[in-house]
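Results of the structural survey
Spelled out from the first residue to the last, the chains are:
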Amino acid sequence: MECVFGLVGKDYALVVADTSAVHSILVHKSNEDKIMKLDSHKLMGASGEAGDRAQFTEFIQKNVALYQFRNGIPLTTAAAANFTRGELATALRKSPYMVNIILAGYDKETGPSLYFIDYIASVHKVDKAAFGYGSYFSLAMMDRHYHSNMSVEEAIDLVDKCIIEIRSRLVVAPPNFVIKIVDKDGAREYAWRESIKDAHISAA
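To keep things clear, this report deals only with the structure shown in the data block. (Residues numbered from 1 in each chain as written. Predicted model: local features only at pLDDT ≥ 70, side-chain atom pairs only at ≥ 80, totals over all residues. Heavy atoms only, no water.)

Considerations on the packing of aromatic side chains
Counted according to the given criterion, the structure contains 3 aromatic pairs. Measuring from centroid to centroid gives 6.4 Å for Phe 56 and Phe 59, while their planes differ by 35°, and the two rings are tilted. With a gap of 3 residues between them, Phe 56 and Phe 59 both fall in helix H1 (residues 50-71), about one helical turn apart. Residue Phe 59 is classed as partly exposed on the basis of its relative accessible area of 28%. Their ring planes at 25° and their centres at 4.6 Å tell us that Phe 116 and Phe 131 sit as a pair that is stacked. Here Phe 116 is found in strand S8 (residues 111-117), whereas its partner Phe 131 is found in strand S10 (residues 128-132), with 15 residues between them in sequence. Given the relative accessible area of 8%, Phe 131 is considered buried. Taken together, the ring pairs in this structure connect Phe 56, Phe 59 and Tyr 97 into an aromatic cluster. (Phe/Tyr/Trp six-rings, centres within 6.5 Å; stacked < 30°, edge-to-face > 60°. Helix = DSSP H or I, 4+ residues; strand = E, 2+ residues; numbered from the N terminus. Buried < 20%, exposed > 50% of the residue type's maximum accessible area, 1.4 Å probe, protein only.)

Notes on the environment of His 124
Considering the arrangement of structural elements, one finds His 124 in strand S9 (residues 123-126). For the pair His 124 and Asn 82, spaced 42 residues apart in sequence, the C-alpha separation works out to 9.8 Å. Those residues in contact with His 124 that sit more than four places away from it in its chain are Leu 114, Tyr 115 and Phe 116. (Contact = heavy atoms within 4.5 Å.)

Quick look at the sheet that holds strand S11 (residues 177-183)
Strand order across the open sheet formed by 5 strands is S10-S1-S2-S11-S12, with antiparallel pairing between neighbours. Each edge of the open sheet carries a strand with a single partner, namely S10 and strand S12 (186-193). Averaged over neighbouring strand pairs, the angle between their axes works out to 15° when direction is ignored. Looking at chain direction, strand S1 (residues 3-8) and S10 are connected through 5 bridges and run antiparallel. Bridging across to S10, Cys 3 finds its partner in Gly 132. Running over the sheet, helix H3 (residues 135-145) touches S1 and S10 and is turned about 165° from S10. (Pairing = 2+ DSSP bridges. Axes fitted to C-alpha atoms, helices over the stretch in contact; angles between N-to-C directions.)

Focus: the sheet that holds S8
The 5 strands lie next to each other as S5-S6-S7-S8-S9, forming an open sheet whose pairing is antiparallel. The sheet terminates laterally at strand S5 (35-39) and S9, the two strands that pair on one side only. Averaged over all neighbouring strand pairs, the angle between strand axes comes to 25°, with direction disregarded. One ladder, built from 7 bridges, connects strand S7 (residues 99-107) with S8; its direction is antiparallel. Across the sheet, Tyr 106 pairs through a bridge with Pro 112, a residue of S8. The strands touched by H1 within the sheet are S5, strand S6 (42-48) and S7, with S5 carrying the most contacts at an inclination of about 15°.

Section: the pattern of salt bridges
Tallied over the entire structure, the rule returns 13 salt bridges. For Lys 29, the salt bridge goes to Glu 32, with nearest N and O atoms at 3.3 Å. On the accessibility criterion, Lys 29 (33% relative accessible area) is partly exposed. In this structure, the salt-bridge partner of Glu 32 is Arg 53, at a minimum N-O distance of 3.0 Å. Residue Glu 32 is located in the loop between strand S4 (26-29) and S5, and its partner Arg 53 is located in helix H1; the two are separated by 21 residues in the primary sequence. Here Arg 53 falls in the buried class, since its relative accessible area comes to 7%. Among the charged side chains, a network of salt bridges with common partners joins Glu 2, Asp 18, Lys 29, Glu 32, Lys 34 and Arg 53. (Salt bridge = Lys/Arg side-chain N within 4 Å of Asp/Glu carboxyl O.)

Following this line, the structure appears as structure tokens:
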């Protein structure tokens, strides 16, 4: 019951993801970070099969770093989105990755941007996006309350509304969420919304 969503505000973009690592009827952990920091000004939120998600996001992260190392300049957010789409398209008819991606970034020239990339390699630049079962509720809330010039405080309030709706309406709702933001000061973790904490088990 994964949920990843994001939106673009006045001078920032943010990505929110649940932190549950599940398989079948088992919850393995409740603090799995599904939002990867690609570089200083890019975030990649991913949902899908755990192995594909971890392998593909790390593959993209290392290739973005390699491009910057070779050329001395970072990829723009649009270029990173198109590179990601190209890799998904290449793999699509060989060994497809079952992973859906929300890519957020901030560029000096163009400001914040958000890209919706699905597992069949389509890419769209959007103001708001969501994947997973929670998208039914988060998209509805964002359609109702989102506007393009939202302050960070307004966006976090909207995120909290989405999380409350997911927790109250989804039959098996993830308990914990992480919120990350990217703006002119870079990409960083903003907050957690936790209702369950993993217990630390002492060694026998």
